[in-house]
Amino acid sequence: MHASSGSVLVVHGGAYDIPLESHEAHVAGCRDGVEAGWAVLTSGGSALAAVEAAVRVLEENPTFDAGRGSFLNAAAQVELDAIIMDGRDLNVGAVAAVQHVAHPVTLARLLLTESEHAMLAGAGAELFAREHGLPICAPEELLTGRELERWKAAHATGKPQAWEPWGAQPHPSDTVGAVALDAAGNLAAATSTGGTFNKHPGRVGDSPLVGCGAYADNRTAAVSATGEGEALMKVVISKLVCDFIAQGMNAQEAGEAAIQILAERTPGEGGVIVLDRRGQIGIAHNTPYIAHAYVTSSGEIVTGIQAPASNRNQRSDDGL
Ligand code: GLY
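Because the structure is predicted, anything quoted here is derived from the model rather than measured.

**Q** Tell me what's going on with the overall build of the chain, and back it up with residues and numbers.
**A** If you tally the helices and strands in the chain, you get eight helices and twelve strands. Computed over C-alpha atoms, the radius of gyration of the chain comes to 18 Å, within 12% of the 20 Å expected from 2.2 N^0.38 for 320 residues, which places it in the range of a compact globule. Seen through its principal axes, the chain has C-alpha atoms that stretch 55 × 45 × 35 Å. The buried share of the chain, reckoned over its 320 residues, is 60%. When contacts within the chain are restricted to residue pairs at least 6 apart in sequence, those whose partners lie at least 24 apart make up 69%. Of note, the chain has its 20 positive side-chain charges centred 2 Å away from the centre of its 37 negative side-chain charges.

Given below as structure tokens:
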């Protein structure tokens, strides 16, 4: 896929076996996210501001496992991970296992711009949010009935539950992310997640880890990843995509090559959205679906639930 010139934006709403009944909600949510980010780019905003704006909209949407609607951990708490990265200078802001913050991507950006640190976790990240005037929310504001019921069902026996590995059970939603190229030729990437269902309190996935959940480098590409965090982090998947691009692959080839390594070496499941410095888009996954939307420099919004051509292992043509 190629967008001729100028700004480009891509978002994803997770790569996994998305239930058919929520395909439409996933695609509509991705469209909303891409519209928000595109509004920033077309009004002269930076790629960094655009990915933040896009991910905030996805965090707000309970369809996704990010912000509102996030999965609960084993202690029935929402703990959020997020990252944002600026391709101009490789500056990164990331937060992990954060509670009481509805928009962890904004907290991550605040860390990027207002701190010498690259990553804060848990109570320290929340303290940073308070220190910088970011709204603090009650846990209930992030909790949906869907997730509470799922947690109650898993804990119905009253016995301590083991952590449920990614993909062990059908799950309703997944991580979100965005990559953007602005008119000045700068790239940025952001990813946000509620992590895995019934995870141990304090568990941190791939999403906030630089090079895993996201990477952005003006010399190569911007990438956001989604899927099985414990596997994605082993192959440092987002940086892997950028390295393949540095070796001469195009965006689609690089995404597919990284997913191939993920499958061969872990073996795990996931997906990536890729945007290279020339505005070429890649979408790759080895899951049945990856919800996504992108907008090209001509302003056309394209949505989908699978990569147009990829090494995915299943197909379903439902017309979305
Ligand atoms: N990829 C999201 C997570 O595993 O936490």
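**Q** Account for the pairing of strand β5 (residues 176–181), with residues named and values stated.
**A** With six of its six residues buried, β5 lies for the most part within the structure. Of the two faces of β5, the one holding V176, A178 and A180 and the one holding G177, V179 and L181 are both buried throughout. As paired strands, strand β1 (residues 8–16) and β5 are joined by five bridges and run antiparallel to one another. Its bridge partner lying in β5, V11 is registered against A178.

**Q** Any details on the state of the cysteines? Residues and values, ideally.
**A** Inspection of the entire model under this criterion finds zero disulfides. Of all cysteine sulfurs in the structure, the one in C212 sits closest to C242, which takes part in no disulfide; the separation is 12 Å.

**Q** Outline the environment of M85, supporting the account with residue identities and numerical values.
**A** Along the polypeptide, M85 turns up in strand β2 (residues 80–86). Sequence-wise, M85 and A214 are 129 residues apart; in three dimensions their C-alpha atoms are separated by 7.4 Å.

**Q** I'd like a description of unusual backbone geometry, backed by residues and values.
**A** Its identity is not glycine, yet A97 carries a phi of approximately 50°, on the positive side. Mapped onto the elements, A97 comes out in strand β3 (residues 91–98). Of note in this structure, V236 is not a glycine but carries a positive phi near 45°. Relative to the helices and strands, V236 is located in the loop between α6 (229–232) and α7 (237–246).

**Q** Account for the packing of aromatic side chains, naming residues and giving values.
**A** Between two aromatic rings, the relevant description is the distance of the centres plus the angle of the planes. Throughout the structure, instances matching the rule amount to zero aromatic pairs. Above the face of the F71 ring, R150 is positioned so that its terminal group lies 4.6 Å from the ring centre. One cation-aromatic arrangement involves R150 over F197; the distance from NZ or CZ to the ring centre is 4.2 Å.

**Q** Explain the sheet that holds strand β9 (residues 270–276) to me, and be specific about the residues and the numbers.
**A** Taken together, four strands build an open sheet; the order of strands is β7-β8-β9-β10 and the sheet is antiparallel. The outermost strands of the open sheet, each flanked by one partner alone, are β7 (214–216) and β10 (281–285). Neighbour-to-neighbour, the strand axes of the sheet open up by a mean angle of 10°, direction not taken into account. Bridging between β7 and strand β8 (residues 221–227) involves three bridges; their strand directions are antiparallel.

**Q** Give me the lowdown on the pairing of β9, citing residues and values where you can.
**A** In terms of burial, β9 is largely enclosed, as seven of its seven residues are buried. In β9, alternate side chains face the same way, and those of G270, V272, V274 and D276 on one face and G271, I273 and L275 on the other are all buried. Pairing between β8 and β9: seven bridges, direction antiparallel. Paired with S224 across the strands is I273, a residue of β9. In this structure, β9 lies alongside β10, joined through five bridges in antiparallel fashion. Within the sheet, the bridge partner assigned to V274 lies in β10 and is G282. Where β9 folds back on β10, the antiparallel hairpin that results is connected by four residues, among which G279 adopts a positive phi of roughly 95°.

**Q** Summarise the packing of helix α3 (residues 104–114) against helix α4 (residues 122–131); cite the residues concerned and give the values.
**A** At their nearest, the axes of α3 and α4 sit 10 Å apart, and the two run at 75° to each other. The orientation of α3 relative to α4 falls into the category roughly perpendicular. Facing α3, whose interface residues are L107, L110, L111 and E114, α4 presents A125, F128 and A129.

Conventions and cut-offs
- Residues numbered from 1 in each chain as written.
- Predicted model: local features only at pLDDT ≥ 70, side-chain atom pairs only at ≥ 80, totals over all residues.
- Heavy atoms only, no water.
- Helix = DSSP H or I, 4+ residues; strand = E, 2+ residues; numbered from the N terminus.
- Rg over C-alpha atoms; globule rule 2.2 N^0.38 Å.
- Buried < 20%, exposed > 50% of the residue type's maximum accessible area, 1.4 Å probe, protein only.
- Contact = heavy atoms within 4.5 Å.
- Lys, Arg positive; Asp, Glu negative; His and termini not counted.
- Charge placed at Lys NZ, Arg CZ, Asp CG, Glu CD.
- Pairing = 2+ DSSP bridges.
- Disulfide = S-S within 2.5 Å.
- Phe/Tyr/Trp six-rings, centres within 6.5 Å; stacked < 30°, edge-to-face > 60°.
- Lys NZ or Arg CZ within 6 Å of the ring centre and 35° of its normal.
- Axes fitted to C-alpha atoms, helices over the stretch in contact; angles between N-to-C directions.
- Parallel < 35°, antiparallel > 145°, perpendicular 65-115°, else oblique.

Spatial relationships are all this shows, so hold off on functional conclusions.
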